[in-house]
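# Structure assessment
Next come the chains, spelled out residue by residue.
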Amino acid sequence: MELQGILSYIFFLMCLFLITGNFTSEFTVAGNIHHQIHKHGRFRRPTKLFVFGDSYADTGNNPKAFASSWKPPYGVTFPGKPAGRYSDGRVFTDYLARFMGIRSPLPYKFRKYAPGKLRGGLNFACGGTGVFDTGNLQPNLTTQIGFLQGLIKERVYTKRDLKASLALVTISGNDYGTYTSTGGSEQGLPTFISQVVNQLAKDLKLLHDTGVRRVLVTTLQPIGCLPTVTVSSSYQQCNVSQNSAAGFHNQLLQHAVAKLNNNTKDSSFLILDIFSAFNTVLKSKRDLTGNSKFDTPLKPCCIATSSDANCGSLDENGKKLYTVCKRPASTFFWDTVHPTQAGWHAVYITLRSSLNRINA
Ligand SMILES: *[C@@H]1O[C@H](CO)[C@@H](O)[C@H](O)[C@H]1NC(C)=O
Ligand SMILES: *[C@@H]1O[C@H](CO)[C@@H](O)[C@H](O)[C@H]1NC(C)=O
Ligand SMILES: *[C@@H]1O[C@H](CO)[C@@H](O)[C@H](O)[C@H]1NC(C)=O
C-alpha cells in the first residue's frame, strides 16, 4: 500500500515532466512505473473535470447581455477577444485541465451546441454566484450541482464516468460581498461565515454523493488584498481585518473538510489553498521560474476612470471608461477582483506540487 502510494506519486512527477516537455531519461522510468501500477489495478487518474462556483472558475456561463466577461478588453490575451472569462486570458480552470492533460471543460451553457465535447466534463461555474443567492439571478452552488444530477439522470454521464472524475469548487467571496452590500453588520459576520461554510460543506457532500471520485475545494483568497479594497491605499496595503475574516472562513472550511473525509474512504475531499498561493505570489514579486514580475502587485491592469464605471464600461457615446496597462503579463490583478492570466499562472505554479494529490 505504502509503496504503491509512493510509486503513483513518482509516476505523477514523471507525468509532469512529460507534460512540461522535460522528457529525456525520465521517459523509460515513467513507462516502467506506469506498467507496475496498472498491474495492481488500483491507480486511476481522473480524466474528467466538473467545475462549480464563481468567476474564479467560470469560462463562459454568464449571459453575454450583461456580463463584463463578454466585453472588451476581457480575453485580450487569450483567446484574443472576449469569450466569457473574467480575465485577460486563462483562469484557474484552464490550468487545472492542462495539469490533468485534458481540454478545459466546455461551459454548461454551450452543451447543446457541442454534444461531442462533453466527455472531458463540463464547467457549471458562473461569475457572481455564491453558496447562497447573491442577487445576480444566476444559479447558486446547489443549483449548479443540480445541473450535474440532471445530466446523470439523463444518462449523459454514467457511474463509471463519475468514478473517473474530479470536481473543482471555487467559492471566492460573493456571499460576503452580498452580505456587506445588503447591510450585514461587522458583529454578525462570524455567524454568517459559519453559515456559508456549513452550506458549502453540505454542497460538497451532495457533489460527492453523485459519485464523483474526488472533490477539490479552494480556500478563500486574501480578500483584503483585492484591488477593490486596496484602492483606498493607492494599492499599497492589504486590509488586515478582511484577510483575517478570510482566515476564519478557511479555518472553518479545513475543519468541515476533515469531518467529511472522516466519513469517506481515501480522502475524497481536498483543499486547494489559494489563500496561501495568492499571498506567496503577491509577496514574492517573482514567480518560481525566477522571472521578476508584478512590480506593483496590488495594482490591477484594467482600471475604471470613474467610481461608477468598471473595466469594460463604455459611456453613451461608446467612449471607454477605463484604461488598460501596456503589458497584462506584468500585473497580478486584471480588474478590481480577478487575477490576470499571468496571475493565475503564477498561482498555478505555486500550487502544482499540491495538485499531485488529486492523482493519489
Ligand atoms: C439556491 O437556489 C435555489 C433556486 O433558486 C433555491 O431554491 C435555494 O434555496 C438556493 N439555495 C441556497 C442555499 O440559498
Ligand atoms: C478594513 O475593512 C474593514 C471592513 O470592511 C473596514 O471597516 C476598515 O476600515 C478597513 N481598514 C482599513 C485600514 O482600511
Ligand atoms: C472522526 O471520526 C472519529 C470516529 O468516528 C471521531 O472520534 C472523530 O472525532 C472524528 N473527527 C472529526 C474531525 O470529525
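Up top is the structure.
Computed from a predicted model, the values in this text were never measured in an experiment.

Summing up its helical and strand segments, the chain has 11 helices and 8 strands in all. Put simply, of all contacts in the chain between residues at least 6 apart along the chain, 69% involve residues at least 24 apart. Per element, the accessible surface of the chain, about 17500 Å² overall, is 54% carbon and sulfur.

By nearness alone, every residue bordering ligand 1 is listed as Val-131, Phe-132, Asp-133, Asn-140, Thr-143 and Gln-199. Within the side chain of Asn-140, one N or O atom sits 2.3 Å away from an oxygen atom of ligand 1. Separating an oxygen atom of ligand 1 from a side-chain N or O atom of Thr-143 is a distance of 3.3 Å. Classifying every residue of the shell around ligand 1 gives 2 nonpolar, 3 polar and 1 charged.

With that settled, consider the state of the cysteines. Evaluation of the coordinates by the stated rule reveals 3 disulfides. Two residues share a disulfide in this structure: Cys-302 and Cys-311, whose sulfurs sit 2.0 Å from each other. Across the disulfide from Cys-302 to Cys-311, rotation about the S-S bond amounts to roughly 100 degrees, and the bridge is consequently right-handed. Sequence-ordered numbering of the bonded cysteines in the chain yields a pairing of 1-2, 3-6, 4-5.

What follows covers the site of ligand 2. Every residue close to ligand 2 is listed here: Asn-239, Ser-241 and Gln-242. In this structure, an oxygen atom belonging to ligand 2 sits 2.3 Å away from a side-chain N or O atom of Asn-239. Compared with its free state, where it exposes 360 Å², ligand 2 has 34% of that area covered by protein.

A separate point is the sheet that holds strand β4 (residues 165-170). Pairing in this open sheet of 6 strands is parallel, and the strands run β2-β3-β1-β4-β5-β6 from one edge to the other. At either margin of the open sheet sits one strand with a lone partner, and together these are β2 (106-107) and β6 (269-272). Judged from the 4 bridges that link them, β4 and strand β5 (residues 214-218) form a sheet pairing that is parallel. Within β5, the position partnered with Leu-166 by the bridge is Arg-214. Packing of helix α4 (residues 141-153) onto the sheet brings it into contact with β1 (48-53), β3 (121-123) and β4, and relative to β1 it is tilted by some 150 degrees.

Applying the stated criterion to the full structure yields 3 salt bridges. Close ionic contact of Asp-94 with Arg-85 constitutes a salt bridge, the shortest N to O distance being 2.8 Å. When sorted by exposure, Asp-94 lands in the same class as Arg-85, which is buried.

What helix α10 (residues 274-284) keeps buried is the set Ile-274, Phe-275, Ala-277, Phe-278, Asn-279, Val-281 and Leu-282. Those residues of α10 that are buried are in contact with β5, α9 (240-262), β6 and α11 (341-355).

A word on α11. The periodicity of an α-helix, 3.6 residues per turn, causes residues three or four positions apart to be oriented the same way. The axis of α11 is deflected most strongly, by about 35 degrees, at Ile-349. By the burial criterion, the buried members of α11 are Gln-341, Ala-342, Gly-343, Trp-344, Ala-346, Val-347, Tyr-348, Ile-349, Leu-351 and Leu-355. In this fold, the buried residues of α11 make contact with α3 (92-100), β5, β6 and α10.

Cut-off values and rules
- Residues numbered from 1 in each chain as written.
- Chains lettered and ligands numbered in written order.
- Predicted model: local features only at pLDDT ≥ 70, side-chain atom pairs only at ≥ 80, totals over all residues.
- Heavy atoms only, no water.
- Helix = DSSP H or I, 4+ residues; strand = E, 2+ residues; numbered from the N terminus.
- Contact = heavy atoms within 4.5 Å.
- Areas by Shrake-Rupley, 256 points an atom, 1.4 Å probe, with all protein chains shown as cover.
- Near = heavy atom within 4 Å.
- Polar contact = N/O pair within 3.5 Å; in protein donor to acceptor, adjacent residues only side chain to side chain.
- Nonpolar A, V, L, I, M, F, W, Y, C, P; charged D, E, K, R; others polar.
- Disulfide = S-S within 2.5 Å.
- Pairing = 2+ DSSP bridges.
- Axes fitted to C-alpha atoms, helices over the stretch in contact; angles between N-to-C directions.
- Salt bridge = Lys/Arg side-chain N within 4 Å of Asp/Glu carboxyl O.
- Buried < 20%, exposed > 50% of the residue type's maximum accessible area, 1.4 Å probe, protein only.
- Bend = angle between axes of the 7 residues up to and from the residue.

None of the figures reported here should be taken as evidence of function without further support.
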